[in-house]
Amino acid sequence: MTKIVELIIDENSEENQDGVFAISLVESPAMESDFIALSKEEKKVEVKFATQDKEKQLLTGAVLIPNKQILRVDKESGSDYYVYFSKDTIRKASELFMMNNYQSNHTIHHKSELKHLTVVESWIKDNPIDKSVRYGFEKLPEGTWFVSVKVNDKSVWDDYVKTGKVKGFSIEGYFTDKMELSEDEITLEKIKEIIKKGKY
């Protein structure tokens, strides 16, 4: 059975390091594709951006999408399972990112540090017709975390963005596993919830 794991922010952890600490520009944004391979330690999640403001050198797009199941592979055991983030966890992650002043923490392909990039706008989609719609994200659900990143480095813009070498945002951060449920258990829980609400 394939496991489904909810990743959360543990605000009571001793190290108190849970959350997103950097946003990377990547070539293959896996949250919009069929497969992602993540190491157990790094816990990265990739998401596609779709808009560019060429004159302002501004990238806008989704960072995390609630309840989006992402396939993950444990390199040690070789087993795969799915992870996802709830709306509540995404909101907490977005708030901690700003509160910890991580707006200028960026990398390229999770390897090299990038300077002169800054998150200049961050918001959570809170209704179906918020401003994300004008950027072409009308299909993404409420609870999605969006950012706009100012690229104050012409070489990064010309060498990576304009050439299409990067196509998406990917988070770098630490999260705690909340639970592990098989697909059958998830289905059973959904059935119970539907019956409880009288929707059948």
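All figures in this text were calculated on a predicted structure; none of them were measured in a lab. (Residues numbered from 1 in each chain as written. Predicted model: local features only at pLDDT ≥ 70, side-chain atom pairs only at ≥ 80, totals over all residues. Heavy atoms only, no water.)

Enquirer: How do you make sense of the pairing of strand S4 (residues 58-64) when you look at a structure like this?
Expert: Put simply, side chains in a regular strand alternate between the two faces of the sheet. Counting buried residues along S4, seven of its seven residues qualify, which places the element largely inside the surrounding structure. Inspection of the sheet shows S4 paired to strand S10 (residues 145-151) by six bridges, in the antiparallel sense. Bridging from a neighbouring strand, Gly61 pairs with Val147 of S10. (Buried < 20%, exposed > 50% of the residue type's maximum accessible area, 1.4 Å probe, protein only. Helix = DSSP H or I, 4+ residues; strand = E, 2+ residues; numbered from the N terminus. Pairing = 2+ DSSP bridges.)

Enquirer: Which parts of the structure should I look at to understand the packing of aromatic side chains?
Expert: Here the distance between the centres and the angle between the planes together describe a pair of aromatic rings. Under the definition given, this model contains seven aromatic pairs. When the centroid spacing of 5.2 Å and the interplanar angle of 15 degrees are considered together, the rings of Trp123 and Phe146 count as stacked. Separated by 23 residues along the polypeptide, Trp123 in strand S9 (residues 117-124) and Phe146 in strand S10 bring together distant segments of the chain. Of the two residues, Trp123 and Phe146, both sit in the buried class. Taken together, the ring pairs connect Trp123, Tyr135, Phe137 and Phe146 into an aromatic cluster. (Phe/Tyr/Trp six-rings, centres within 6.5 Å; stacked < 30°, edge-to-face > 60°.)

Enquirer: What exactly am I supposed to notice about unusual backbone geometry here?
Expert: Glycine aside, a negative phi is what most residues show, and trans is what most peptide bonds show. Although it is not a glycine, His109 adopts a positive phi angle of roughly 55 degrees. Note on placement: His109 falls in the loop between strand S7 (106-108) and strand S8 (112-114). The class of His109 is partly exposed, set by a relative accessible area of 28%. One non-glycine residue, His116, adopts positive backbone phi at about 70 degrees. Within the element layout of this structure, His116 appears in the loop between S8 and S9.

Enquirer: So what exactly am I meant to see when it comes to the nonpolar core here?
Expert: Nonpolar side chains in soluble globular proteins tend to end up buried together. In this structure, Leu25, Leu59, Phe85, Trp145, Val147, Phe169 and Phe175 are the most contacted members of the largest nonpolar core, which totals 33 residues. For this core, the element with the highest residue contribution is S10, accounting for four residues. Core analysis: the second largest hydrophobic core is formed by six residues, Trp123, Phe137, Leu140 and Phe146 among them. (Core = buried A, V, L, I, M, F, W, Y, C linked by side-chain atoms within 4.5 Å.)

Enquirer: Looking at this model, I keep getting lost on the side chain of Asp18. Mind explaining?
Expert: Tracing the backbone shows Asp18 in the loop between strand S1 (3-8) and strand S2 (19-26). Of the polar contacts made by the side chain of Asp18, one reaches the backbone nitrogen of Asp10; its length is 2.8 Å. Within the structure, the side chain of Asp18 is placed 2.7 Å from the side chain of Thr176, a separation counted as a polar contact. (Polar contact = N/O pair within 3.5 Å; in protein donor to acceptor, adjacent residues only side chain to side chain.)

Enquirer: Would you mind showing me how to read the confidence of the model for the protein here?
Expert: Low-pLDDT stretches of the model should not have their predicted coordinates read in fine detail. Of all residues in the protein, 76% attain a pLDDT of 70 or more, and the chain-wide mean is 81. Scored below 50 in pLDDT, residues 32-42 makes 27 contacts in the model with residues more than four places away or belonging to other chains. (pLDDT = per-residue confidence, 0-100. Contact = heavy atoms within 4.5 Å.)

Enquirer: Is there a simple way to think about the pattern of salt bridges in this case?
Expert: Side-chain pairs of opposite charge can arise where the charged atoms are in close proximity. According to the stated counting rule, one finds four salt bridges in the structure shown. Note that Lys131 is salt-bridged to Glu121, the shortest N-O span being 2.2 Å. With Lys131 in the loop between S9 and S10 and Glu121 in strand S9, this residue pair connects regions lying ten residues apart in the sequence. The residue Lys154 makes a salt bridge to Asp158 at a minimum N-O spacing of 2.6 Å. With Lys154 and Asp158 both in helix H2 (residues 154-161), this residue pair falls four residues apart, about one helical turn. Under the relative-accessibility criterion, Lys154 is labelled exposed at 53%. (Salt bridge = Lys/Arg side-chain N within 4 Å of Asp/Glu carboxyl O.)

Enquirer: Quick question: what am I supposed to make of H2 here?
Expert: The periodicity of an α-helix, 3.6 residues per turn, causes residues three or four positions apart to be oriented the same way. Along H2, the positions that sit buried rather than exposed are Val156, Trp157 and Val161. An end-on view of H2 places all buried positions within 100 degrees of arc, on one side of the element. (Arc of directions from axis to C-beta.)

Enquirer: Help me understand the environment of Asp153, please; the structure alone is not making it clear to me.
Expert: On the secondary structure map, Asp153 appears in the loop between S10 and H2. Between the C-alpha atom of Asp153 and that of His116, which follows or precedes it by 37 residues, the distance is 5.9 Å. The residues contacting Asp153, other than those within four sequence positions of it, are Gln57, Lys115 and His116.

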